[in-house]
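Overview (structure and organization)
Residue-level listing of the chains:
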Amino acid sequence: MKYIDEYREDRTIRKLIHKISEGLKHYNNEIVLMEICGTHTMSIFRSGLQRLFPAEISLLSGPGCPVCVTPNAYLDKAIAYSKLQDTIIVTFGDIFRVPGSSSSLEKENAKDSDIRIVYSPLDAVKTAEKNPDKNIIFLAVGFETTAPLIALSIRIAKRRNLKNYSVFCGHKLIPPAIKGLIQDKEINIDGFILPGHVSTIIGTQPYQFISNDHHIPSVVTGFEPLDIVQGVYILISQIVNHETPKVQIQYTRSVKEKGNSKALDLIKEVFQATNAQWRGLQSIHKSGLKIRKTYRQFDAEEKIEVEVEETKENNNCICGDILRGIKNPLNCKLFRTICSPENPIGACMVSSEGTCAAYYKYADIGRDDE
Amino acid sequence: MCLAVPMELVEIKDNIGVARMGEVGIEVHLGLLGDVKLGDYLIVHAGFAIQKLDKEAAEETLTLLNELLEEAE
Ligand code: SF4
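Residues numbered from 1 in each chain as written. Chains lettered and ligands numbered in written order. Predicted model: local features only at pLDDT ≥ 70, side-chain atom pairs only at ≥ 80, totals over all residues. Heavy atoms only, no water.

With that settled, consider the overall build of chain A. Assigned secondary structure in chain A consists of 17 helices and 11 strands. Its C-alpha atoms give chain A a radius of gyration of 21 Å, within 12% of the compact-globule value 21 Å for 370 residues. Here the contacts in chain A between residues at least 6 apart in sequence split such that 78% fall between residues at least 24 apart. Separation between the mean location of the 46 positive side-chain charges and that of the 44 negative ones in chain A comes to 5 Å. (Helix = DSSP H or I, 4+ residues; strand = E, 2+ residues; numbered from the N terminus. Rg over C-alpha atoms; globule rule 2.2 N^0.38 Å. Contact = heavy atoms within 4.5 Å. Lys, Arg positive; Asp, Glu negative; His and termini not counted. Charge placed at Lys NZ, Arg CZ, Asp CG, Glu CD.)

The structure is reproduced here in structure tokens:
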């Protein structure tokens, strides 16, 4: 298919990897790169790239799976909302099965709760229109890619004067998370593979601090195997040639320096930045979004009071450390023994973009050398 | 959640279009884009087109890569 097959061409991929190896000949240090986005992680595993790259390069997966970084406290509150009378919870599919402190949306749905999975936020608005006597709460979990869509759903709800639609906002922002990672003393990263679709919305300006303040190269990269190999090539060139670190765009067919201005305007109109909790990374300054006062009638947390159980963490699940890139699923005692996609113990095993799910599915063709 | 593949716009009705990849067609909201026309390729996320694929840039990426790799031979 057009714009896909060309970027999966095996011969070109191998040639470019060979060129990367050549470039590393006289470079004696290990190079640690992090891909922020869960979709990159999946693509790397699916195409077996991990095994093809030279041994000097390690690829770590970062905190780029929205469901994975959503902390238990959010899940517990969503579960509490689902138990309220006359309430319908509407959500994207991934979060449905993620365990909170003592239950999950899936378990509540099997009891009395009404939880519906949708593909688009507009379906949530439709659900509100069809059920005027129920409260519809949409679980908004995602990054900058999803935020404008949620914003638009709120604007439409306002225009249609829907009083029963509200959003429980757990949205997070990628650049502040990268800042959090860089400041974490346990983590040392030589280059970042930046997410293609988040950047389609926000452009490259919000990443400039990575090179300007921290002197680390980064590259906005597409999702096909050849995109990723070219992204790695760009980073390695910056590192090996001791170039002044900069933010580059590999995924030029989708990402422009300024991003998508219509989408950015929508985000700004409806949301404002707020401090947010991330699984594994704790609280990060201004790394989340909350609904502005002008739209507070659509903010579930403003509108609907609920009692939430005390949040507990499962101490055996190391999902948090995996999201920071300091451990991998093979370091987890529960991996494959107790925790599997059929019986997920942590968020990283549930989401199709989660690192544990990727290892589970592709470990034998992935990092079999570890 | 991220559909990472570009889809071809084959129908437009106001703010809603139909985008197709192979045999699969889905409804997409076009409200986040400026001008679009039939035959454009769209980057789609959760039912919304978030960008129009830049065909020239796509070609250029491949041309640059091929030049780079030929140089190596
Ligand atoms: S394998 Fe399961 S329990 Fe272990 S870190 Fe991953 S999600 Fe958590």
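Next comes the rest of the description.
Right, let's get into the sheet that holds strand β6 (residues 165-169) of chain A. Across a sheet, strands are paired by hydrogen bonds formed along the backbone, either parallel or antiparallel in direction. Residues and elements named next belong to chain A. Strand order in the open sheet formed by four strands is β4-β3-β5-β6, and the pairing between neighbours is parallel. Looking at the sheet topology across the chains shown, the edges are occupied by β4 (114-117) and β6. Adjacent strand axes in the sheet meet at a mean angle of 25° when their direction is disregarded. Bridging between strand β5 (residues 135-140) and β6 involves five bridges; their strand directions are parallel. Opposite I137, over in β6, you have S166 as the bridge partner. Against the sheet, helix α7 (residues 121-130) touches β3 (87-91), β4, β5 and β6, its axis set at about 170° to β5. Each of β5 and β6 touches helix α8 (residues 147-159); the most contacted strand, β6, lies at about 155° to it. (Pairing = 2+ DSSP bridges. Axes fitted to C-alpha atoms, helices over the stretch in contact; angles between N-to-C directions.)

On the chain B side, the residues contacting the 43 residues of chain A number 37 residues. Buried area between chain A and chain B, both sides added, is near 3500 Å², and the carbon and sulfur share of it is 68%. Inspection of the region where chain A meets chain B yields one salt bridge. Linking B:D54 and A:K256 is a salt bridge whose minimum nitrogen-to-oxygen distance equals 2.8 Å. (Buried area = accessible area lost by both parts, 1.4 Å probe. Salt bridge = Lys/Arg side-chain N within 4 Å of Asp/Glu carboxyl O.)

Here we come to the domain arrangement of chain A. All names here are of chain A. Partitioning chain A into domains gives domain 1 (1-315) and domain 2 (319-369). Taking only C-alpha atoms into account, the centre of domain 1 sits 18 Å from that of domain 2. Facing 33 residues of domain 1, the contacting portion of domain 2 comprises 28 residues. Carbon and sulfur atoms make up 60% of the surface buried where domain 1 meets domain 2, a total of about 2600 Å² over both sides. The largest per-residue losses of area from domain 1 upon contact with domain 2 belong to M42, F45 and R97, which jointly make up 25% of the total buried on that side. Across the domain 1-domain 2 interface, the total number found is two salt bridges. Of the charged contacts in the structure, one is a salt bridge between R324 and E186, with a shortest N-O distance of 3.0 Å. Connecting domain 1 to domain 2 are five residue pairs in polar contact (both at pLDDT 80 or more). Counting residues per element, the ones that place at least two in the side of domain 1 that touches domain 2 are α2 (38-46), α3 (49-52), β2 (57-64) and α4 (66-69). Tallied by class, the residues present in the side of domain 1 that touches domain 2 amount to 16 nonpolar, 10 polar and seven charged. (Domains from an automatic or database assignment. Polar contact = N/O pair within 3.5 Å; in protein donor to acceptor, adjacent residues only side chain to side chain. Nonpolar A, V, L, I, M, F, W, Y, C, P; charged D, E, K, R; others polar.)

Residue and element names in this part refer to chain A. Taken as a whole, this structure holds nine aromatic pairs over all chains when the rule is applied. Pairing Y74 with F168 gives two aromatic rings, centres 4.0 Å apart and planes at 10°, and the pair type is stacked. Of the two residues, Y74 is situated in helix α5 (residues 72-82) and F168 in strand β6; the sequence distance between them amounts to 94 residues. Residue classification places Y74 among the buried positions, given a relative accessible area of 7%. We note K2 situated over the ring of Y3; from NZ or CZ to the ring centre the distance is 4.7 Å. When the ring centre of Y295 is taken as origin, the NZ or CZ atom of K158, which lies over that ring, is 4.7 Å away. (Phe/Tyr/Trp six-rings, centres within 6.5 Å; stacked < 30°, edge-to-face > 60°. Buried < 20%, exposed > 50% of the residue type's maximum accessible area, 1.4 Å probe, protein only. Lys NZ or Arg CZ within 6 Å of the ring centre and 35° of its normal.)

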